[in-house]
Amino acid sequence: MKLINPVILLSSLGCLLCIYTLHVEYSVETDKNYRALCDVSEHVSCSRVLTSPFSKGFGLVQPEFRLLHQRNPIYGLGFYIIIMLLARTMLWHLTAAFLYAEMFTVFVVMLPLFSSRTWSKFFKIGWVQKVAEFSNYYFNFFLVLLGMVLIEALRQVMNQRSAYETLKSHPSDLRPETESLFLMRMFRAQRNLYIAGFALFMWL
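Below: a short report on this structure. Treat the numbers as computed from the prediction; the structure is a model and nothing was measured.

### Some points on the overall build of the chain
Here is step 1 of the chain: Helices and strands together make up the secondary structure of the chain, namely eight helices and zero strands.
Here is step 2 of the chain: Each helix (α) and strand (β) of the chain, taken in turn from the N terminus, gives the series α-α-α-α-α-α-α-α.
Here is step 3 of the chain: Relative to the globule expectation of 17 Å for 204 residues, the C-alpha radius of gyration of the chain, 23 Å, shows a markedly less compact shape.
Here is step 4 of the chain: Dimensions of the chain along its principal axes, counting C-alpha atoms only, are 70 × 55 × 30 Å.
Here is step 5 of the chain: Classification of the 204 residues of the chain by burial places 28% in the buried group.
Here is step 6 of the chain: On the chain, roughly 14,800 Å² of surface is accessible, and the fraction owed to carbon and sulfur atoms is 69%.

Next up, the structure:
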């Protein structure tokens, strides 16, 4: 039995959530008495959040930039659709690139290429400090993302192993070229599992 791709599943749920938030925004604009399902109380109300000044362009893009001054759920839809496309095409390439970037960073930090004074100056740069302010959010985001990638790698390994066992249970279909194809797919799935596992390990 094939397992559902968790990245596709969660991204689909994210798309549905974005569509619902768009529905809430349009409904509140057309009907002031509209009450959404997520309006729990006066203090816990998604309608108030979705109609606040921060509900468009994340509160950062000014209304003058009409092309970018869009509702946040529209950005969310675009993000989740891109994630679903990448999960089908470039997921493992990006994971491998992330792992290589981690290895390169560790390599640069460990080797005595730069003095402590140089590193101190680097970490005092304005944009570096701004990034450091939200480092906890970045860490948790990539932690969850790499965890999802690892689950997807496990799913692929289990699916390929199950398919290979099914093939071996039918000796009449077990031809050398067919077996080689299944073994190649299993090798790729295991390779992706190692890449995702090492990327998550180094991130921790």
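### What to know about the nonpolar core
Here is step 1 of the chain: Judged by nonpolar contacts, Leu 91, Trp 92, Val 149, Ala 153, Val 157, Ala 189, Leu 193 and Ala 196 together constitute the single largest core of eight residues.
Here is step 2 of the chain: Mapped onto this core, the elements with two or more residues apiece are helix H4 (91-110), helix H7 (135-168) and helix H8 (176-203).

### Structural notes on the packing of aromatic side chains
Here is step 1 of the chain: For the structure shown, the criterion picks out four aromatic pairs.
Here is step 2 of the chain: Ring geometry for Phe 79 and Tyr 80: centres 5.4 Å apart, planes at 70 degrees, overall edge-to-face.
Here is step 3 of the chain: The class of Tyr 80 is partly exposed, set by a relative accessible area of 26%.
Here is step 4 of the chain: Summarising the aromatic geometry, the rings of Phe 122 and Phe 123 are spaced 5.4 Å apart at their centres and angled 70 degrees between planes, so their arrangement reads as edge-to-face.
Here is step 5 of the chain: Through a chain of ring-to-ring contacts, the aromatic side chains of Phe 98, Phe 139 and Trp 203 assemble into a single cluster.
Here is step 6 of the chain: A cation sits over an aromatic face here: Arg 71 above Tyr 26, 4.4 Å from the ring centre.
Here is step 7 of the chain: Between the NZ or CZ atom of Arg 185 and the centre of the ring of Phe 182, over which it lies, the distance is 5.8 Å.

About the cut-offs
- Residues numbered from 1 in each chain as written.
- Predicted model: local features only at pLDDT ≥ 70, side-chain atom pairs only at ≥ 80, totals over all residues.
- Heavy atoms only, no water.
- Helix = DSSP H or I, 4+ residues; strand = E, 2+ residues; numbered from the N terminus.
- Rg over C-alpha atoms; globule rule 2.2 N^0.38 Å.
- Buried < 20%, exposed > 50% of the residue type's maximum accessible area, 1.4 Å probe, protein only.
- Areas by Shrake-Rupley, 256 points an atom, 1.4 Å probe, with all protein chains shown as cover.
- Core = buried A, V, L, I, M, F, W, Y, C linked by side-chain atoms within 4.5 Å.
- Phe/Tyr/Trp six-rings, centres within 6.5 Å; stacked < 30°, edge-to-face > 60°.
- Lys NZ or Arg CZ within 6 Å of the ring centre and 35° of its normal.

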